[in-house]
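For reference, the chains in residue letters:
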2 protein chains.
Amino acid sequence: MAEFDLIERIRARVATRADVVLGIGDDAALLQVPAGMQLVVAMDTLNAGVHFPEGTAPADIGWKALAVNLSDLAAMGAAPAWCTLSLSLPQPDARWVDAFLDGFLALADAHRVALIGGDTTRGPLSICVTAHGVVEPGRAVRRDGARIGDDVWVSGTLGDAAAGLARWRGDAPDVEAADAASRAAHDTALRMRLDRPTPRVALGGALAGLAHACIDVSDGLLADLAHIARASGAAIEIDVDALPASDPLHATFARERCRVLQATGGDDYELCFTAPPRHAAEIERAAADCAVRLTRIGRVHAGSGVRVRCNDGAPWAAPRAGYVHFA
Amino acid sequence: MAEFDLIERIRARVATRADVVLGIGDDAALLQVPAGMQLVVAMDTLNAGVHFPEGTAPADIGWKALAVNLSDLAAMGAAPAWCTLSLSLPQPDARWVDAFLDGFLALADAHRVALIGGDTTRGPLSICVTAHGVVEPGRAVRRDGARIGDDVWVSGTLGDAAAGLARWRGDAPDVEAADAASRAAHDTALRMRLDRPTPRVALGGALAGLAHACIDVSDGLLADLAHIARASGAAIEIDVDALPASDPLHATFARERCRVLQATGGDDYELCFTAPPRHAAEIERAAADCAVRLTRIGRVHAGSGVRVRCNDGAPWAAPRAGYVHFA
């Protein structure tokens, strides 16, 4: 199986769009960007053993490789359109590639994203994706727009992916399960959040025009909030006890461990954003339309940095700020 | 040195352009594609030990990582504009990154390409670049446009990069050098062609509207011509003795070895294109304007496949069709 056979195998399965003038198979792809729209470009790489556990199912790797990029577009309020894929494989394995594409293309098709080119090559397992989307000029939601008095919101639940990783690494649960089946169900639910994150594409699009600043929670909530605070020249205070948690998380780890996972665990790919309180009702309607849970977790203040309090007002100190590559 | 410090180190050095609305530092970049232009997207990865010898200077790796992508845009006749970079490093090494950027940004600045985002992460040394350019609708030069009767042209010289790699691997020269300094000069010249390929950006732009089909010579001339022949539904016949060779190549390897390197060696990143004979004079003027040597090496015929002849008309059989990943 040579490189060109792999490319043909991929090309045979991809969907196209009317704005793709030329897709896979030439030196480069040709695209027609809708008139008057700005182009939005994100690029993220997953390396084996760093961004997913060795032994992760290839379909899950495929899903996640695209999901983390669509999440970046969502955090800008952009509508995704096209992506490119660079696949480095230790050896050409058609079954692996087929399974990888099962996950990758399932997510691509769900969001009408066309895979329009890339590269397949030999090397340690690594997947690099560039995702392209569009947004109306002036409507992109950046990190630097938070204003004093804004509410801080987060979508979905936090800490699940990090809890799934902790369980995979062998960390014992703190909370007793009713039976082995319950434990397995909790573990599966947490692991799904690690392996199959849901990019909040529709919510991100709905927030354009409502939110002042937005980021996706990839490095851990506190680390990502720190990016917004620094870029916006403001302070952010959150209530650690207000952070949304899933039932499987509470059924696995005790209260303080949950707080740490929620505040500093990475890989959740939820959207964290700030918005003026006057938009709260419209934001809640948008979230309901997208069937996404939203929680208000804090507020933007004058100053700098991120402060965390418990619901009794006492300060809460995170043992670490979040996931840091190369740390 | 954490990931964010590396990103800051990169951001501090990159140039920008008026059409970059938002560059490095957010979840995604925002770009203003010029009105009426099509977007052209190429993505290529370099893995250590596969696409460059271990021990290659980081500045050369940086140059080449961008060059191979600009070469893809050039082969489409596109004007380059922006790029993203994903850098996987075994450990965060600021000196390595600085040297890498020396090469990467030297080429980027020479072509006014803005680095607008990407990813830095831990993993085996791997560099993935996505290059973005623009082209007027209908003017992109594809692989599938070759027509019967077209001349086949190639830019620059062929086989140098493969000869440089062969020398690095320890292959003995066939041709005696005048002295050790001459040998060293030849080796350096060949190695430079491997490490610092010149993307034919200006030539590619000039060919839009003149050439019917174009490809960059990355996998080896015969392999790349086969892509044009197959995509265009035509046969291509070339004269192996017409293939352009550099003086250092002739000063290193004997005639038959040179032929093999020229016809099947990869990594030259010259442009190979077909064009109607009536455009020959205009093409030669364009090449002169770009200060690039051009050579007519063959013709497009009815049929399929690539045939190679010597200048006496006898068929010439390549020992292999070109570089094949995973082979």
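Residues numbered from 1 in each chain as written. Chains lettered and ligands numbered in written order. Predicted model: local features only at pLDDT ≥ 70, side-chain atom pairs only at ≥ 80, totals over all residues. Heavy atoms only, no water.

Looking at an unreviewed UniProt entry, chain A carries the name Thiamine-monophosphate kinase, with the source organism given as Cognatilysobacter bugurensis. Regarding chain A, the relevant UniProt record gives this comment under Pathway (unreviewed entry): "Cofactor biosynthesis; thiamine diphosphate biosynthesis; thiamine diphosphate from thiamine phosphate: step 1/1." Recorded in UniProt for chain A, the comment headed Function (unreviewed entry) runs: "Catalyzes the ATP-dependent phosphorylation of thiamine-monophosphate (TMP) to form thiamine-pyrophosphate (TPP), the active form of vitamin B1." (UniProt positions renumbered as here; feature names shortened; annotations may be inferred.)

1. A look at the sheet that holds strand 12 (residues 305-309) of chain A
Two strands in a sheet stick together by hydrogen bonds in their backbones, pointing the same way (parallel) or opposite ways (antiparallel). All names here are of chain A. With mixed pairing, 6 strands are arranged side by side in an open sheet as 8-10-7-11-9-12. Bordering the open sheet on either side are strand 8 (213-216) and strand 12, each of which pairs with just one other strand. On average, adjacent strands in this sheet sit at an angle of 25° to one another, irrespective of strand direction. With 5 bridges joining them, strand 9 (residues 235-239) and strand 12 adopt parallel strand pairing. Residue pairing across strands places Ala235 opposite Gly305, the latter belonging to strand 12. Helix 2 (residues 58-75) contacts strand 8 and strand 10 (271-275) of the sheet and is inclined by roughly 175° relative to strand 8. (Pairing = 2+ DSSP bridges. Helix = DSSP H or I, 4+ residues; strand = E, 2+ residues; numbered from the N terminus. Axes fitted to C-alpha atoms, helices over the stretch in contact; angles between N-to-C directions. Contact = heavy atoms within 4.5 Å.)

2. Regarding the pairing of strand 6 (residues 126-135) of chain A
All names here are of chain A. Here strand 6 lies mainly inside the structure; 10 of its 10 residues are buried. Neither face of strand 6 is left uncovered, since the one carrying Ser126, Cys128, Thr130, His132 and Val134 and the one carrying Ile127, Val129, Ala131, Gly133 and Val135 both have all their residues buried. Of the strand pairs in this sheet, strand 3 (residues 38-47) and strand 6 are connected by 10 bridges, and their pairing is antiparallel. Looking at the pairing, Val41 lines up with His132 of strand 6. Bridge count for strand 4 (residues 79-89) against strand 6 is 9 bridges, and the pairing is antiparallel. Residue pairing in the sheet places Pro80 in a bridge with Gly133 of strand 6. (Buried < 20%, exposed > 50% of the residue type's maximum accessible area, 1.4 Å probe, protein only.)

3. Let's talk about unusual backbone geometry
All names here are of chain A. Phi angles above zero are rare outside glycine, and Asp267 is one such case at about 75°. Along the polypeptide, Asp267 turns up in the loop between helix 9 (255-264) and strand 10. The phi dihedral of Tyr269 falls on the positive side, at around 55°, and the residue is not glycine. Relative to the elements of secondary structure, Tyr269 occurs in the loop between helix 9 and strand 10.

4. Let's talk about the packing of helix 4 (residues 160-168) of chain B against helix 5 (residues 180-195) of chain B
The packing of two helices is summarised by the inter-axis angle and the distance between the axes. All names here are of chain B. Where helix 4 contacts helix 5, the axes come no closer than 7 Å and their chain directions differ by 120°. As judged from the angle between their axes, helix 4 and helix 5 are oblique. The two elements helix 4 and helix 5 cross, and the hand of that crossing is left-handed. The residues of helix 5 that touch helix 4, namely those facing Asp160, Ala161, Ala163, Gly164, Leu165, Arg167 and Trp168, are Arg183, Asp187, Leu190, Arg191, Arg193 and Leu194. Split into classes, the residues belonging to the contact of helix 4 with helix 5 amount to 6 nonpolar, 1 polar and 6 charged. (Parallel < 35°, antiparallel > 145°, perpendicular 65-115°, else oblique. Left-handed = near helix turned anticlockwise from the far one by under 90°. Nonpolar A, V, L, I, M, F, W, Y, C, P; charged D, E, K, R; others polar.)

5. Some words on the UniProt feature "binding site: Mg(2+) 4" (unreviewed entry) in chain A
Feature annotation in UniProt assigns "binding site: Mg(2+) 4" (unreviewed entry) to the following positions: Asp27 and Asp72 of chain A. Spatially, the listed residues are scattered: they cover 46 residues, and their C-alpha atoms lie as much as 26.4 Å apart. One can find Asp27 of chain A in the loop between strand 1 (20-22) and strand 2 (29-31). With sequence-adjacent residues up to four places away left out, Asp27 of chain A is seen in contact with Ala42, Asp72, Ala75, Met76, Arg143, Cys214, Ile215 and Asp216 of chain B. In this structure the side chain of Asp27 of chain A is engaged in a polar contact, spanning 3.2 Å, whose partner is the side chain of Arg143 of chain B. (Polar contact = N/O pair within 3.5 Å; in protein donor to acceptor, adjacent residues only side chain to side chain.)

6. Brief notes about the packing of aromatic side chains
Residue and element names in this part refer to chain B. Scanning the model with the defined rule gives 6 aromatic pairs over all chains in all. Plain terms: the ring middles of Trp96 and Phe100 are 5.3 Å apart, the flat faces sit at 20° to each other, and that makes the pair stacked. Here the residue Trp96 and the residue Phe100 both occupy positions in helix 3 (residues 94-110), the gap between them amounting to 4 residues, near one helical turn. Like Phe100, Trp96 is buried. (Phe/Tyr/Trp six-rings, centres within 6.5 Å; stacked < 30°, edge-to-face > 60°.)

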